[in-house]
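# Remarks on the overall topology
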Amino acid sequence: MNMPTIGAGTFRLQNQQAIDSVANALDLGYRHIDTAQIYGNEAEVGLALAHSGIARGEVFVTTKIWTEHLSGEALIPSLEESLRKLRLDTVDLTLVHWPSPGAAVSVAESMRALMTARERGLTRAIGISNFTIPLMREAIDAVGAQHIATNQVELHPYLQNRAVAAFAREHGIHVTAYMPLAYGKAIDDPVIRAIADRVQATPAQVTLAWLLGKGYAVIPSSTRRANLESNLAAHRVRLDADDIAAIDALERGERLVSPDFAPAWD
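Figured I'd write up the structure that's included with this text.

Conventions and cut-offs
Here the residue numbering is sequential within each chain, running from 1 through the sequence in written order. At least 70 in pLDDT is required for a residue's local features to be given in this predicted model, at least 80 for side-chain atom pairs to be given and counted, and no such filter applies to totals for whole chains, interfaces and linings, which use all residues. By convention in this description, side-chain values take in all heavy atoms of the structure and omit both hydrogens and water. A run of H or I in DSSP counts as a helix once it spans at least four residues, and a run of E counts as a strand once it spans at least two, with each numbered from the N terminus. Throughout, the radius of gyration refers to the C-alpha atoms, and the reference size of a globule is 2.2 Å times the residue count to the power 0.38. Throughout this description, buried means an accessible area under 20% of the type-specific maximum (1.4 Å probe, protein chains only), exposed means over 50%, and partly exposed covers the range between. Consider the strands pointing away from the viewer: the crossover is right-handed when the path from the first strand over the helix to the second runs clockwise. Throughout, nonpolar core names a set of buried Ala, Val, Leu, Ile, Met, Phe, Trp, Tyr and Cys residues whose side chains join them through atoms within 4.5 Å. Here, two residues are considered to be in contact whenever any of their heavy atoms come within 4.5 Å of each other. Site definitions follow a grid-based scheme: protein atoms alone, a 1 Å grid, a 1.4 Å probe that fits but cannot get out for cavities, and for pockets an open set with protein on both sides within 12 Å along at least five of seven lines, plus lining residues having an atom within 4 Å of a point. Grid points are joined across faces, edges and corners, and a volume is the space filled by probe spheres set on the points. Under the convention adopted here, Pro, Cys and the residues Ala, Val, Leu, Ile, Met, Phe, Trp and Tyr are nonpolar, Asp, Glu, Lys and Arg are charged, and Gly plus all remaining residues are polar. A fitted line through C-alpha atoms serves as each axis, taken over the contacting stretch for helices, and the angle formed by two N-to-C directions is quoted from 0 to 180°. Here the angle decides the label: under 35 degrees means roughly parallel, over 145 means roughly antiparallel, 65 to 115 means roughly perpendicular, and every other value means oblique. The crossing is said to be left-handed when, going from far helix to near helix, the turn is anticlockwise and less than a right angle, and right-handed when the turn is clockwise. Paired strands, in this sense, are two strands between which DSSP finds at least two bridges. Two N or O atoms form a polar contact when they lie within 3.5 Å of each other; inside protein one atom must be a possible hydrogen donor and the other a possible acceptor, and for residues adjacent in sequence the pair counts only when both atoms belong to side chains.

The helix and strand tally for the protein chain stands at 10 helices and eight strands. In summary, the protein chain has a C-alpha radius of gyration of 18 Å against a globular reference of 18 Å for 266 residues, a match within 12%. For the protein chain, the spread of C-alpha atoms along the principal axes amounts to about 55 × 40 × 30 Å. For the protein chain, the proportion of its 266 residues judged to be buried stands at 57%.

Turning to the pairing of strand 6 (residues 148–154), a few remarks are in order. Within strand 6, six of the seven residues are buried, which leaves it mostly tucked inside the rest of the structure. Handedness of the crossover joining strand 5 (residues 126–129) and strand 6 through helix 5 (residues 133–143): right-handed. In this fold, the crossover linking strand 6 to strand 7 (residues 174–178) by way of helix 6 (residues 162–170) has right-handed handedness.

Non-glycine residue arginine 12 carries a positive phi angle of around 75°. By the element assignment, arginine 12 lies in the loop between strand 1 (8–9) and helix 1 (15–28). For arginine 12, a relative accessible area of 56% corresponds to the exposed category. Notably, asparagine 15 is not glycine yet its phi reads approximately 50°, a positive angle. If you trace the backbone, asparagine 15 turns up in helix 1.

What follows covers the nonpolar core. Residues Ile33 and Met111 are the most contacted members of the largest nonpolar core, which totals 79 residues. Those residues in contact with isoleucine 33 that sit more than four places away from it in its chain are Ala8, Thr10, Val22, Ala25, Leu26, Val45, Leu49, Val59, Phe60, Val61 and Thr62.

What follows is about empty space enclosed by the protein. According to the stated counting rule, one finds two cavities of 30 Å³ or more in the structure shown. For the largest cavity, the calculated volume is near 40 Å³. Lining the largest cavity are Asn130, Phe131, Thr132, Val153, Glu154, Asn161, Val164, Arg255, Trp265 and Asp266. Considering only residue class, the lining of the largest cavity consists of four nonpolar, three polar and three charged. The calculated volume of the second largest cavity comes to roughly 30 Å³.

Pairs of packed helices are described in terms of their axes, by the angle between the two and the distance that separates them. Contact pair helix 3 (residues 72–86) / helix 4 (residues 107–119): the axes reach a minimum separation of 9 Å and the direction vectors enclose 40°. Between helix 3 and helix 4, the angle is such that the two are oblique. Along this stretch, helix 3 crosses helix 4, giving a crossing that reads as right-handed. Taken together, the residues of helix 4 that come into contact with helix 3 (itself represented by Gly72, Glu73, Leu75, Ile76 and Leu79) are Glu109, Ser110, Ala113, Leu114, Thr116 and Ala117. Each residue belonging to the contact of helix 3 with helix 4 can be placed in one class, and the counts come to six nonpolar, three polar and two charged.

What follows covers the sheet that holds strand 5. Spatially, 1-2-3-4-5-6-7-8 is the arrangement adopted by the eight strands of the open sheet, whose pairing is parallel. Sheet topology places strand 1 and strand 8 (217–218) at the edges, where each strand pairs with a single neighbour. In terms of strand pairing, strand 2 (residues 32–34) meets strand 3 (residues 60–65) through three bridges, oriented parallel. In the strand pairing of strand 3, isoleucine 33 is matched with valine 61. Where helix 5 meets the sheet, it contacts strand 5 and strand 6, and its direction lies at approximately 165° from that of strand 6.

In this fold, serine 222 is placed in the loop between strand 8 and helix 9 (225–232). Accessibility expressed as a relative area gives 10% for serine 222, which makes it buried. At 3.0 Å, the side chain of serine 222 and the backbone nitrogen of arginine 224 are in polar contact.

Rendered as structure tokens:
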């Protein structure tokens with residue numbers, strides 16, 4: 001199946017909170033669940049999936065390989081462990097979560113290992129996350145742009161990552177926006193709130209609709225069922241050219257996720 005454009009993110013969700021969030025999301029109609037090895041909740045996601053009663057082929061599941069597992073010999077065993085935790089035979093998408101710190105493992109080595117994992121049926125598609133333009137070029141050189149399903153990057157009104165998104169589009173690589181609500185900052189933005197009032201939507205819906213309108217997938221997360229339900233309805237919100245321009249103008253290069261081991265950002 002193709003990746004649904006609105007997914008349920010699970011970053012920072014732990015234990016019963018993770019189970020409940022994924023269970024609620026699936027019950028509400030989400031069919032895209034995003035997790036990662038470093039989130040420490042793959043087992044909880046797997047439990048919620050198993051108990052949902054939803055056929056495996058109807059849910060798109062993404063996980064991400066952590067930096068210490070990026071070598072050719074470590075990547076596939078780590079993915080097999082993720083599958084055990086998720087109670088799945090295969091995931092729909094596996095991403096390199098972050099490029100190897102200090103380039104200790106080359107992008108080419110990790111991408112080729114992902115290709116091998118795909119050939120073995122452990123994942124249906126492969127991709128990248130937090131990759132800059134130079135790193136995207138390395139990934140393309142290693143396996144070809146046609147084999148890179150997405151680049152998942154921080155993307156919201158205050159960090160629009162326009163150069164990365166344009167490069168990805170030029171090479172036919174889809175973009176997935178994580179942290180789409182900027183840790184909730186977008187919800188309190190007066191520009192977005194004014195638009196929301198006019199179109200009779202929530203500020204979160206307006207922000208997600210703005211991202212969806214640019215062709216990105218979005219993976220907001222919430223522990224509240226009402227918010228999960230509301231976010232899923234973002235695709236119904238219609239913004240006009242003035243609305244889009246007003247949100248575009250909020251760009252200020254405000255990056256919220258930049259760990260010590262992050263690459264040199266574009």
